[in-house]
Amino acid sequence: QLQLVESGGGLVQAGGSLRLSCAASGTMFRIIAMGWYRQAPGKARELVAQISSGTTNYADFVEGRFTISRDTAKNTVYLQMNSLKPEDTAVYYCKQADSFYGVTRDFWGLGTQVTVSS
């Protein structure tokens, strides 16, 4: 199956930047979506940004601060995060979905911690 590995998380001061990467390996079929989600302690996992069917969407809280991009040759998705706020502190998860003979399959990474200090 497809395996995803996130990297790029860490500790950053408010107003700083981080760039997250999600590298995929394994048998690749037609990728139909790539995205980033996050989950803070005690809260539900929520969408941050996603590329799907050629369109890109962001959560309202992004407020123009983040950019999702993709390297199609490497099946790698990135999340550039600028102007980080303490409320952005969470575990960030990569998700990729493919179409396997008409069946959609979702794959999740194990997450990378992002901590933003005041």
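Note that the coordinates shown come from a computational prediction; the quantities given were computed from them, not determined experimentally.

The next point concerns the sheet that holds strand S7 (residues 66-71). Read across the open sheet, the four strands follow the order S1-S3-S8-S7; overall the sheet is antiparallel. Two strands bound the open sheet, and with one partner strand each, they are strand S1 (3-7) and S7. Going from strand to strand, the sheet's axes swing by 15 degrees on average, the running direction of each strand aside.

This part covers the packing of aromatic side chains. Under the defined criterion, the tally for this structure stands at two aromatic pairs. Seen in terms of ring centroids, Phe100 and Tyr101 are 4.9 Å apart; in terms of plane orientation they differ by 85 degrees. Their pairing is edge-to-face. With relative accessibility at 72%, the residue Tyr101 sits in the exposed group. A cation over an aromatic ring shows up here: Arg45 above the ring of Tyr93, its NZ or CZ 3.7 Å from the ring centre. Above the plane of the ring of Trp108 lies Arg45, whose end atom (NZ or CZ) is 4.8 Å from the centre.

Residue placement: Ala73 occurs in the loop between S7 and strand S8 (76-81). Through-space distance from the C-alpha of Ala73 to that of Lys95 is 17 Å; in sequence the pair is 22 residues apart.

What follows deals with the pairing of strand S9 (residues 90-100). Within S9, nine of the 11 residues are buried, which leaves the element mostly enclosed by the surrounding structure. With nine bridges connecting them, strand S4 (residues 30-39) and S9 associate as antiparallel partners. Pairing of Tyr37 across the sheet is with Tyr93, part of S9. Relative to strand S11 (residues 112-117), S9 runs antiparallel, the two being bridged by three bridges. Residue pairing for S11: Val91 is matched across the bridge by Gln113. Here S9 pairs with strand S10 (residues 103-108) via six bridges, running antiparallel.

All right, on to unusual backbone geometry then. Backbone geometry places Glu63, a non-glycine residue, at a positive phi of 55 degrees. The phi dihedral of Asn75 is positive, around 50 degrees, even though this residue is not glycine. Here Asn75 is to be found in the loop between S7 and S8.

Rules used throughout
Residues numbered from 1 in each chain as written. Predicted model: local features only at pLDDT ≥ 70, side-chain atom pairs only at ≥ 80, totals over all residues. Heavy atoms only, no water. Pairing = 2+ DSSP bridges. Helix = DSSP H or I, 4+ residues; strand = E, 2+ residues; numbered from the N terminus. Axes fitted to C-alpha atoms, helices over the stretch in contact; angles between N-to-C directions. Phe/Tyr/Trp six-rings, centres within 6.5 Å; stacked < 30°, edge-to-face > 60°. Buried < 20%, exposed > 50% of the residue type's maximum accessible area, 1.4 Å probe, protein only. Lys NZ or Arg CZ within 6 Å of the ring centre and 35° of its normal.

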